[in-house]
Amino acid sequence: MIILSVVLALLAALGNAGASVLQRRAAAVDLPGLPGSHLFGKLGFIRRPAWRWGAALLVVSGLAQALALATGPLAVVQPVMTTELLFTLVLAAIVFRRPPGVRTWGAFLGMALGLAVFLLLASPTGGLETVPPKRWLLGAVPAAAVSSVLIVVGMRLLGSARAAVLGSATAIGFSFTAALIKDTLGLLSGGVEVFATWQIYTAAAVGLGSFLLLQATLRAGSLAASQPALTLGDSLLSVILGVALFEEQIDLGWRVLPEAAALGLIALASVHLSSSPVVSGKEEQRW
């Protein structure tokens, strides 16, 4: 089942990457007759087939991620989802005909290696299908407090600092959204009427709030500033939530240091990948 979960998570990451590239491609050129400064010129790209295919891919990737969470540990699914950056690099290079440089390919391999080493060493297994409500309360209250502080502090900062701090808050929201979705699916498999539970509505609210916060994060500074916090924050907190909420098992002991080194490699690689024009789309206005 873990292999199936990993495959589904990879498909979800591929779908997210494909949606990002397609929608960026659709937004790269204004529609004829509509100046870019005009409101409809800015939003007219949603009429393009590429944007609509991207939106459809987002739906498919969301379903794949939900199935991955239903069949495997949270501590596996969310770290695997970081491969979205890798898929974005490959797909953007193809679509925008801008082959990555040697250093970018090195970062690609470094991130893939770091993720593989971390998952092999940590070996997340087991876990509950559903979370007791009291455990949710113990986890959600401090997370909400930390997120609130990060948002308040982030709004007082500028540029890259704001993007990094808001990215950390966004990562908390995304990791809790994934955990809530997993809990909802566990209730569904147990025969509970899912629309009669609070989890599904909370997941929708937290997910929407995280999406809106992501937009503020992306506007605050460069992708290179926000992406490491998003990538590592979501992955690391998801591992913690998997252990704390779902009682998933993680191998630690002597493996802690190499696991930390693997996470550091992922962080360095994500910084370089995020700053690459192929991923960030800084030069796409020429298309």
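Preceding this section is the structure that the text describes.
Residues numbered from 1 in each chain as written. Predicted model: local features only at pLDDT ≥ 70, side-chain atom pairs only at ≥ 80, totals over all residues. Heavy atoms only, no water.

A. Focus on the overall build of the protein chain. Helix and strand counts for the protein chain come out as 12 helices and 0 strands. Residue pairs at least 24 apart in sequence account for 80% of intrachain contacts in the protein chain once pairs closer than 6 positions are excluded. Of the roughly 14,200 Å² of accessible surface on the protein chain, a fraction of 73% belongs to carbon and sulfur atoms. (Helix = DSSP H or I, 4+ residues; strand = E, 2+ residues; numbered from the N terminus. Contact = heavy atoms within 4.5 Å. Areas by Shrake-Rupley, 256 points an atom, 1.4 Å probe, with all protein chains shown as cover.)

B. Region of interest: the side chain of Thr 83. By secondary structure assignment, the location of Thr 83 is in the loop between α4 (74–80) and α5 (84–95). In this structure Thr 83 comes out as buried when scored by relative accessible area, which is 8%. Reaching out from Thr 83, the side chain makes a polar contact with the backbone oxygen of Val 80 at a distance of 2.7 Å. Those residues in contact with Thr 83 that lie beyond four places of it in its chain are Leu 10, Ala 13 and Leu 115. (Buried < 20%, exposed > 50% of the residue type's maximum accessible area, 1.4 Å probe, protein only. Polar contact = N/O pair within 3.5 Å; in protein donor to acceptor, adjacent residues only side chain to side chain.)

C. Representation of the packing of helix α8 (residues 159–189) against helix α9 (residues 198–220). Viewed as axis vectors pointing N to C, α8 and α9 meet at an angle of 160 degrees, and their least axial separation amounts to 8 Å. Comparing their axes, α9 and α8 come out roughly antiparallel. Here the hand of the crossing between α8 and α9 comes out left-handed. Split by residue class, the contact of α8 with α9 holds 16 nonpolar, 11 polar and 2 charged. (Axes fitted to C-alpha atoms, helices over the stretch in contact; angles between N-to-C directions. Parallel < 35°, antiparallel > 145°, perpendicular 65-115°, else oblique. Left-handed = near helix turned anticlockwise from the far one by under 90°. Nonpolar A, V, L, I, M, F, W, Y, C, P; charged D, E, K, R; others polar.)

D. Layout of the side chain of Thr 197. Residue placement: Thr 197 occurs in the loop between α8 and α9. Those residues in contact with Thr 197, other than ones at most four positions away along the chain, are Leu 187 and Val 192.

E. A look at the packing of aromatic side chains. Inspection of the entire model under this criterion finds 3 aromatic pairs. Among the aromatic residues, ring-to-ring pairing joins Trp 136, Phe 176 and Trp 198 into one connected group. Directly above the aromatic system of Phe 246 lies the positively charged group of Lys 182, at a separation of 5.6 Å from the ring centroid. (Phe/Tyr/Trp six-rings, centres within 6.5 Å; stacked < 30°, edge-to-face > 60°. Lys NZ or Arg CZ within 6 Å of the ring centre and 35° of its normal.)

F. Highlighting a nonpolar patch on the surface. Together, Ile 3, Val 7, Leu 11 and Leu 14 make up a nonpolar patch on the protein surface, roughly 370 Å² of accessible area in all. Take Leu 11: it is sitting in helix α1 (residues 2–27). Since its relative accessible area comes to 47%, Leu 11 is described here as partly exposed. (Patch = residues over 30% accessible without salt bridge, like charges linked within 9 Å, V, L, I, M, F, W, Y side chains within 5 Å. Salt bridge = Lys/Arg side-chain N within 4 Å of Asp/Glu carboxyl O.)

G. Structural context of α5. Compared with the 16 Å implied by 1.5 Å per residue over 12 residues, the 16 Å span of α5 between its first and last C-alpha is a close match. Among the residues of α5, those classed as buried are Leu 85, Leu 86, Thr 88, Leu 89, Ala 92 and Ala 93. Each buried residue of α5 sits inside an arc of 160 degrees when the element is viewed along its axis, so together they form one side. Arg 97 lies just past α5 and shows a positive phi near 50 degrees. (Expected span 1.5 Å × (residues − 1). Arc of directions from axis to C-beta.)

H. The pattern of salt bridges, seen in detail. Going through the model one piece at a time under the given rule, you end up with 2 salt bridges. The salt bridge involving Glu 247 is made with Arg 135; its shortest N-O contact spans 3.0 Å. With Glu 247 in the loop between α10 (223–244) and α11 (256–275) and Arg 135 in helix α7 (residues 133–155), this residue pair connects regions lying 112 residues apart in the sequence. For Glu 247, a relative accessible area of 38% gives the class partly exposed. The shortest N-O distance in the salt bridge between Asp 251 and Arg 255 comes to 3.9 Å. According to the relative accessible area criterion, Asp 251 is partly exposed, its value standing at 34%.

I. The arrangement of unusual backbone geometry in detail. With a phi close to 45 degrees, Ser 123 is a non-glycine residue in the positive phi region. Counting through the fold element by element, Ser 123 comes out in the loop between α6 (102–122) and α7. By relative accessible area, Ser 123 is classed as partly exposed at 26%. Backbone geometry places Glu 247, a non-glycine residue, at a positive phi of 60 degrees.

J. Just the packing of α6 against α11, in detail. In contact at an axis separation of 8 Å, α6 and α11 are set at 150 degrees when each is read in the N-to-C sense. Of the possible angle classes, the one that applies to α6 and α11 is roughly antiparallel. Our pair here, α6 against α11, has a crossing hand that is left-handed. Grouping the constituent residues of the contact of α6 with α11 by class yields 16 nonpolar, 5 polar and 2 charged.

K. Highlighting the environment of Ser 270. Relative to the assigned elements, Ser 270 resides in helix α11. Looking at Ser 270, the relative accessible area reads 0%, which means it is buried. Spatially, the C-alpha atoms of Ser 270 and Leu 230 are 9.9 Å apart, while their sequence positions differ by 40 residues. Contact partners of Ser 270, with chain neighbours within four places excluded, come to Leu 85, Met 111 and Pro 228. Here Ala 267 takes part through its backbone oxygen, which lies 2.8 Å from a polar atom of the side chain of Ser 270.

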